[in-house]
Structure formats: structure tokens, C-alpha cells
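Structure at a glance
As a plain string of letters, each chain reads:
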2 protein chains.
Amino acid sequence: MEAKEAAKFFKKDMVVGASGFTPAGYPKSVPLALAERGEKGEDLGLTIITGASVGDELDGALSRAGVLKRRYPYQTNKNSRNGINDGSIQYADMHLSHVPQWVKSGFFGNIDIALVEAVAIREDGGIIPSTSIGNSNVFVEKADKVIVEINTSQPLSLEGVHDIYSPENPPNRKPIPLTKTNERIGTDYIPCDPDKIVAIVISDIKDKTRPVAPIDDISKQMAKHLIKFLEKEVEKERLPENLLPLQSGVGSVANAVLGGLVDSNFENLTIYSEVIQDSALDLLDSGKVTFASGTSLTVSPERLDDFYENFDKYKDRVLLRPQEISNNPEVIRRLGIIAMNTAIEVDIYGNVNSTNIMGSKMMNGIGGSGDFTRNAYLSIFTTQSIAKNGDVSSIVPMVSHHDHTEHDVHVIVTEQGVADLRGLSPKERAIEIIDNCAHPEYKEQLLEYLNGSYEICASKHTPHSIDKSLSWHKKFLDSGTMKK
Amino acid sequence: MEAKEAAKFFKKDMVVGASGFTPAGYPKSVPLALAERGEKGEDLGLTIITGASVGDELDGALSRAGVLKRRYPYQTNKNSRNGINDGSIQYADMHLSHVPQWVKSGFFGNIDIALVEAVAIREDGGIIPSTSIGNSNVFVEKADKVIVEINTSQPLSLEGVHDIYSPENPPNRKPIPLTKTNERIGTDYIPCDPDKIVAIVISDIKDKTRPVAPIDDISKQMAKHLIKFLEKEVEKERLPENLLPLQSGVGSVANAVLGGLVDSNFENLTIYSEVIQDSALDLLDSGKVTFASGTSLTVSPERLDDFYENFDKYKDRVLLRPQEISNNPEVIRRLGIIAMNTAIEVDIYGNVNSTNIMGSKMMNGIGGSGDFTRNAYLSIFTTQSIAKNGDVSSIVPMVSHHDHTEHDVHVIVTEQGVADLRGLSPKERAIEIIDNCAHPEYKEQLLEYLNGSYEICASKHTPHSIDKSLSWHKKFLDSGTMKK
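Residues numbered from 1 in each chain as written. Chains lettered and ligands numbered in written order. Predicted model: local features only at pLDDT ≥ 70, side-chain atom pairs only at ≥ 80, totals over all residues. Heavy atoms only, no water.

The next thing to look at is the domain arrangement of chain A. Size of an interface, as often reported, equals the accessible area lost when the parts are brought together. Residue and element names in this part refer to chain A. Split by domain assignment, chain A resolves into domain 1 (3-203) and domain 2 (217-478). Placing the centre of domain 1 and that of domain 2 at their C-alpha centroids yields a distance of 28 Å. Across the boundary between the two partners, domain 1 contributes 52 residues, which contact 44 residues of domain 2. For the domain 1 and domain 2 pair, buried surface summed over both sides reaches about 3,700 Å², with 59% attributable to carbon and sulfur atoms. (Domains from an automatic or database assignment. Contact = heavy atoms within 4.5 Å. Buried area = accessible area lost by both parts, 1.4 Å probe.)

Dropping the structure here:
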């Protein structure tokens, strides 16, 4: 069917579950056809639920066309971000592991249409996804209608790289039988009743993945600190020699930090993460990593063609799982993940803001960082100590938005050094963070806040000057700098 | 051995793992003997790790005697709280499910002594705990030396009520084979090498449990709202008729809200929680609840004797597990728990403060609320809409301390009503909370903040006036009221 025809299944106020996790494996042709309807003035008001972020053909085009009313659970597109921040798109920022459970429990209401990209459909209706799984299997399971975009630009050799397993709803849920990153527990296709498939659309638009910034000195410094910290943990017998499965957040900094492991002495590493990025491929290429499990393959545009052509060399060493499995607290806690995520800002007591600039402006969302951080064996956050040419300190008296609380943050790494917060009381943490992670330009100012608060605050446990704790952000908003 | 003799095993700066979870099953005689050493001027500087809070003989006496240097992961004692807030005791407030993993991984360093209360020791060294398990099994497993307090005031009929299971460390951790609240997966004693037991002390001091406040009209109102909400969820087929296993926080409000279910039409309920309190017994008595799993039996002083004498009638319907199991994210997610916890304050965007009064003064700690909330099927927070005779609104523009973020809070219940936050964007949540949960006296003031912030804030997603978001707390600290 033509995309335009398939787009006719979408009616006003429908709830749509779409494939896609990062700009990988998301539907492209049908969303573009839907955007066309919006551009012609039709008020579609769709609710779109995905795995995570998707490419411009979905979030961008639908946002620009005014077709997107509600959006869950994560996004990174400029236009959808603008819509969220100007109030025209209602967005709820969710833990990625919560989404499949909510779909299955009916918390989002009925799922009208599942719209998924695939490389093939089996005779029994089984759908072979493309470069990501995300929540596709759950949408297919629960939706009234299924629309499949067969993307001919995606290599057919992706068949076999997926492992689909869908836990039952409570009270009948069973243990997820996964004990190693490389175990297969499901089928290599998404089971689907062929009668539910109302349209098959052929598309050849490539994943619009984003370029990865070159690894700079700051990232190298962070990676160096991180490696040294991990080496010490091995020395103290708190980690095995080949560490434990690694999770890494998405984006350039996370990519660079993970990539730094190529130059480490670690061997036989494994990855249990969401997104298999460029640096994961480098680690597979170098032999440092023996296996990588994720829910999406998101390779930068520069190496995408090469990756597709030579996918066979990775095929036995990567596996894509539904995000209900990749991000599942059960599996994360069991495997004992080392979680490495990126913070926008961190406060002196160890709370982390991952989502909202200056407390209000949504960047992307929390994504899977909460799933991994809370359930990790070791939870590490990385951030550059300053931003905006030094006018912003990433270490602040109090974060302006809380995504990860003091209870969930074990270690902070900046280019300045490592703060190991385990077992420290809040005010000990403050000294550890200021000493090791803050930029020299802000150290004195931070100590001044800490000591001033200690003086005046009735409690010495987590001393705050409640009228000054967010004053650095206020100052930045008013004057463009946090500097005194 | 006399307690005094056993106390001699404790040396300066030792790390001690003690039994106890709420004032139930904690050691009493040896701590009192340690306190005596402190009172005589000895500088012991102990680090005490427990399951959760304990009674006065441990936290109280050691705090007063200046023997307590560090404390993990939770406490409710007046004297330890004072020590924490005056800065003399270093306290890290931890998720209760993290503690056993940290002990096993060596994150607390070496555990010098495990000090556990028991009702008996088997010939093979196996320890039969008393009214709680908490982390006792893990301390016994990892400590150099084990000291057992046999408490003769605890009924021997407790034998058989425990189910001890200890997961391996990663990378060898296996699925926890628990799929129903009433399943047994382990032994009814704590395995222990008899050579590790360096002292056995006999004690007859009873658990100093705390009285439960009578159920007042406010609590009844909250319970009524909660029951109505749950009934609607069943109607919408988002919950089975007998709901899903219930978790309830500790304390009078939580006790009252759970107790309200006695008057509901629900049948065949189950409890999978930490603490089996009075209300759980009422629910068992009434037949509403068929089985209760926890890690401690904490019955109010008024009914403790009766409970002990008639324990047989409960014995087949209650089970105590280590907190590594009761609070494990794997099990909580699998069973699909309905988590009901108490908030100190909630903000208009759905963030919850459970620990720090006015942002700085530690009350008790986060306890297990994070373990349950994050991994629950449904996460509900209850709080009275006002405190301090109306001078404090429990609904505020921004919570002064964040324990549970917007990503983890599904439903808020006050005596005013229910706010169902699922699927709402932050500013929709604000309206839902102000409309349904705020006290009438504060509604206008909250709307003023929301609308004022919407006006001036560059982002309309989570609008804040960053210089005013904590001004209500400042006002209370300065003038004794949050009222305009």
C-alpha cells in the first residue's frame, strides 16, 4: 500500500505506538504522509508513544505539521522539544522500562495503531524489526491495527539479531530467564496475528542517525579518570577483572567516555545497554568487548554504510532486545550493571539533573538512566565541570530539577576528577564533590555556599540556605553567568 | 556469656551489622553494655548498619553515649535523629534494597561483627531470627565474628516463619524463584558456621515497638478515597478483582490507610511489604488478606502480648524474608506491587519529599519507599494536605528535598481527594493536584504560583519562578507559616 493510503487509518485523537529507539528503526514514510495531512490543515491531534527518541520524519515532521498532541516517553528532536517547551505538545517524561508495562496495563488507554519499521514479515505474520526494537513488540501485541513499513534500505542480514521476549502481566509474571548478556530467551521476530496487519508500506528512507562529535581532550580526561577508578575497584576486589556488564548513556560525551575503554587494559568486557553506538563497535572491533546487548543499533552517518555492509562480522556478538528486557530492573539488578550516564548538573549533595535546563526547559528526557542507575551495581554520572564557556558551573548548590536523587548516585566524574560518594554523609559528599569534581573557578563559591549554609541552617545533616539554594540559576537567568 | 563480656569484642572504629527492622528483632543487651563503655568515656566510634530503624536500646543508648559515629541506612530514634541533625553522627540515607548488595560487594568495607537477635541456634550453627530479618543473614554471611542475642521474651513459635534466601553476587546471580507472595524459596534459619559465633548472650528485653495512633477522620477520609480509586481501577480492568500484592509504608498514617481496607469490598488480598503492622493483622483477622509477606513483625505494645500468645493462628499466613528479597526490585516488578507510601510534602509537578523537613532536617529516611515506588505496578503517595494546624501546606510549588521524582509518582491521595497523574504533562499534573489534593486554604496561592510562573518562565513545560519556588519554605522558617 502507498504510505498515503496507509495514513488513512489514522483518525483524530488516536493513540499510536511507533517503533524507534534513538533515530534507529523508526517508521518514516507513513509519518511523512500524516504530516502532509496536518499541513493541509487537518486537526489530527495524535498521541505518539515510541521506544525512545526517533528521527525527524516522525517527531520533526509531525511537530511542524501540528499533528502531535501528546508524546511519550522520550524525544530529542528540535521541533518536538520546541513544541514541548512552548506548551503545544503535552509530554510526560518517563522511565523507559515503565512504558511497556503501562501499555500492557492499559494506563495509556487503548493503543489504536502500532506503526513499526521492519526488514521483513514472515508467512505467519511474524515481524522482523530493523535497527531497533524498543516497545515495538508490545505495541504489536496490544494495538487494534498494525501497520508495517518494510524499509529496503535496512540490511536483511539484521534477521537473527533480535531476541523478543514479553513477560506476562502480574499476577502471572514469571522470572525473566536471562543471566548473561549474550543469552537468547525469545524469538527472533515479533509474533503477530496476520489479520491485525492492515497495511504494509515499502520505504527506503535511511535512519537519520546523528553525527558523533569527535572525542575531545575533556572527554579523554573523563575517560582516564573513569578507567583509573574502575582499576582501583578491581584492585580492591569489589569488581571482577573483566568488570561487570557496562551500560552507557546516549550522546557524544557518553560515547567518548565508553570509547576511552579501548585504550584501557581491561579485557573480555561485555555491554548490557540500550543503544549500541559507535564506541561499542570500536570496542567490539578492538576485541575489548566480547558481546553487546541493546535495544537499538545507532551508528553515526559516517560509518552507517560500512556497518551495514560488514554487519556479518558483528552478528554473533550483538543482540537487540525489547526495552522491557534491556531496561528491566530485574535483569539490571541481577547482572550487576555498571551504569554510566550523563548529567546536565550535579549538586553538592549528589543529586543529578538530567533533563531540564535551569529547572524548566526540557532537553530530552530521563530516558533509561533511572532504570539503570537505581538498579545498578555501580552508578556513575559524568559531566563536564563547566558549561557555556565557564558561565555555568555543572556543580551547583542545589540542582534546579531532580531526576536522580542522592540515594542513587555513587560516583561522579568530571574532567577534574572523581568523587566517590559511597557511604558518605551529605556534608562529606559536598566536600568530596567540591574537592574533586568542581571547576577551580567555582570551588571557592561552592565552599562559601556550603559553609554559609552550615552556619545558618538548623540542621547540619544537609545544610541549605533555602533562599539561596537556587540563586545560582537565578543569577544565570538574569545576568548570563553563575559567577559572583 | 554476659552481655558485658560479649561487648569486649567491639573495638574502636569497627563496622557492626546488627539485626532489626523497625523496633523489632534488634539486639538489646549487648548494645546497652556498649553504651555503658561509652558513658564511661571510652571513644568507640562505631559504624552501625541495620536493616532499618531499631529500638532505643540500640540507636538511642548508643547515640546518647556518643558511641555511634556512622549510621546506615535508616533510623527513627529521637536521639540518633538529633545526632544526625547536629552533625555528630554521619548518616547516609539509603534505599533499603541497596544495603545487602553493598555489604556483599564490600562497599561498606569489612564487616567486623554481626550482632543479631534470635530465638534459637541450631546444632549446625543455623540462627533462627526473632521478629525481623532485615539484613541479618547478610551480616552473618560476611562478618568476621557473629554475636547472637537469644531473646527469651520472643516466642519460640517464631521458628518456621522465616524464609532465608541469599542471591549470589554478580556475575553469577540467578533469578530469584519467587512468583507469589506466599512461596517459600529458602531455609527457615540463617546458615552460619558455628566457629564464627564468638558469643551467645541471653536477653529478655521485649521489642520496644511504638504505639499506633488511633485512626482519625483524616485517615479514614484518605482510606475512603484510596478504596474508591482502586475500585475504579478494577472496573476499568486495570487491576484484578483481588487487586495485586499491597505494600504499605510504616507509621500511623500508613497503618490507618491500609487498615481502611477492612471496610472495603475487596477479598482475597495479599500483602508483600516490609513491615507487618497492626492493620495487616486486622486484615488477616477479617479474612480480607489471605497472606502477608514482610521482613518484620512490628505489632503495637497494646497487642504484642496477645499476638505472641496467639501467634499460631497467623503462622501459616505470614512469612518473613530478608530485605534483599522483600525489597528486591526484581520481585517487586514481577509481582506487580501496589505501593502506598507516605509523603512529607508533594509539589505541584508530582515530586515527593519523604525525608527532610524544610529541605534540611532529617526525619527518618527514605527506607524502602524507593524500592517499592520505582518498581511498582501502581505507586501511590498519601499525605494530609496541611500540617502544623494549617501553617504548612503539604502541597508546595517545589519540594524542598527530592526523594521520589515526577517519574515515579502515579497517584497522590490526601483527605481532599485523589490526583491521578498518569500520562499527564507537568502542567496538567499541577492542575490535577491543586484541584484534587490541595487544602482549600492554599489552592489560590498555588494557582497564583503556577500561573505566575507560566507567565514569566521561558518554558511552559515545567514552569517555575526559580527565585520563588522555595519561598514558601523560607516564609515558614522566617514567620512560622506558609500562608500569604
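Strand pairs in the sheet, formed through backbone hydrogen bonds, run parallel or antiparallel to each other. Pairing within the open sheet is mixed, and its three strands lie in the order 17-16-23 (chain A). Taken across any chain shown, the strands that pair with only one partner, and hence form the sheet edges, are strand 17 (352-353) and strand 23 (395-396) of chain A. (Pairing = 2+ DSSP bridges. Helix = DSSP H or I, 4+ residues; strand = E, 2+ residues; numbered from the N terminus.)

This part takes up the side chain of B:Lys196. Residues and elements named next belong to chain B. Structurally, Lys196 is set in the loop between strand 7 (145-151) and strand 8 (197-203). Summary of buried charges: Lys196 has no salt-bridge partner, and the nearest side chain of opposite charge, Asp193, is 6.9 Å away. There is a polar contact of 3.1 Å between the side chain of Lys196 and the backbone oxygen of Glu141. Once you skip the residues sitting within four places of it in the chain, Lys196 turns out to touch Val140, Glu141, Lys142, Ala143, Asp144, Lys145 and Val146. (Buried < 20%, exposed > 50% of the residue type's maximum accessible area, 1.4 Å probe, protein only. Lys, Arg positive; Asp, Glu negative; His and termini not counted. Salt bridge = Lys/Arg side-chain N within 4 Å of Asp/Glu carboxyl O. Polar contact = N/O pair within 3.5 Å; in protein donor to acceptor, adjacent residues only side chain to side chain.)

Look at the two chain copies: a rotation about an axis and a shift along it is all it takes to match them. Overlaying chain B with chain A gives an RMSD of 0.0 Å, the required rotation being 180 degrees about an axis along which the chain moves by 0.0 Å. Classification of the inter-copy transformation places it as that of a two-fold axis. In terms of C-alpha distance to the rotation axis, chain B has B:Glu330 as its closest residue, with the C-alpha 1.9 Å off the axis. (Least-squares fit on C-alpha atoms with pLDDT ≥ 70 in both.)

A separate point is the UniProt feature "domain: Acetyl-CoA hydrolase/transferase N-terminal" (unreviewed entry) in chain A. Under the local residue numbering, the UniProt record ascribes the feature "domain: Acetyl-CoA hydrolase/transferase N-terminal" (unreviewed entry) to residues 2-201 of chain A. A distance of 6 Å separates the end C-alpha atoms of residues 2-201 of chain A, which is 24% helix and 20% strand. (UniProt positions renumbered as here; feature names shortened; annotations may be inferred.)

Taken together, the contacts link 84 residues of chain B with 84 residues of chain A. It is B:Arg333, B:Arg374 and B:Ile466 that lose the most area in chain B upon contact with chain A, and together they represent 11% of the buried surface on that side. In this structure, the connection of chain B to chain A is made through six salt bridges. We note a salt bridge from A:Glu428 to B:Arg70, for which the minimum N-O separation is 2.5 Å. Put simply, chain B and chain A have 47 residue pairs in polar contact (both at pLDDT 80 or more) between them. The element that contributes the greatest number of residues to the side of chain B that touches chain A is helix 13 (residues 329-335) of chain B, accounting for five residues. Among the residues making up the side of chain B that touches chain A, the classes are represented as 29 nonpolar, 31 polar and 24 charged. (Nonpolar A, V, L, I, M, F, W, Y, C, P; charged D, E, K, R; others polar.)

Residues and elements named next belong to chain A. When the UniProt feature table is mapped onto this chain numbering, "active site" (unreviewed entry) sits at Glu274. Note that Glu274 resides in the loop between strand 10 (269-272) and strand 11 (275-276). Not counting residues up to four positions away in its chain, the partners in contact with Glu274 are Phe21, Leu96, Val250, Gly294, Thr295, Ser296, Asn327, Gly367, Gly368 and Phe372.

This paragraph deals with the nonpolar core. Counting 145 residues, the largest nonpolar core has A:Leu230, A:Ile338, B:Leu230 and B:Ile338 as its most contacted members. Not counting chain neighbours up to four residues away, the residues in contact with B:Leu230 comprise B:Leu239, B:Leu243, B:Phe266, B:Ile338, B:Leu378 and B:Ile380. (Core = buried A, V, L, I, M, F, W, Y, C linked by side-chain atoms within 4.5 Å.)

This brings us to the side chain of A:Gln90. Relative to the helices and strands, A:Gln90 resides in strand 4 (residues 90-91). Discounting residues that sit within four places of it in the chain, A:Gln90 has contacts with A:Lys69, A:Arg70, A:Arg71, B:Ser425, B:Lys427 and B:Glu428.

All names here are of chain A. If you check which residues of helix 10 (residues 301-309) are buried, you get Leu304, Phe307 and Tyr308. All buried residues of helix 10 lie within an arc of 90 degrees about the axis, which places them on one face of the element. Away from the buried face of helix 10 by more than 90 degrees, exposed residues Glu302 and Glu309 are located. Among the structural elements, helix 9 (278-286), strand 13 (296-297) and helix 11 (312-315) are those in contact with the buried residues of helix 10. (Arc of directions from axis to C-beta.)

Turning next to the confidence of the model for chain A. In the predicted model, chain A carries a mean pLDDT of 97, and 100% of its residues have values of at least 70. Both scores are available for the predicted complex, with the pTM at 0.98 and the ipTM at 0.97. (pLDDT = per-residue confidence, 0-100.)

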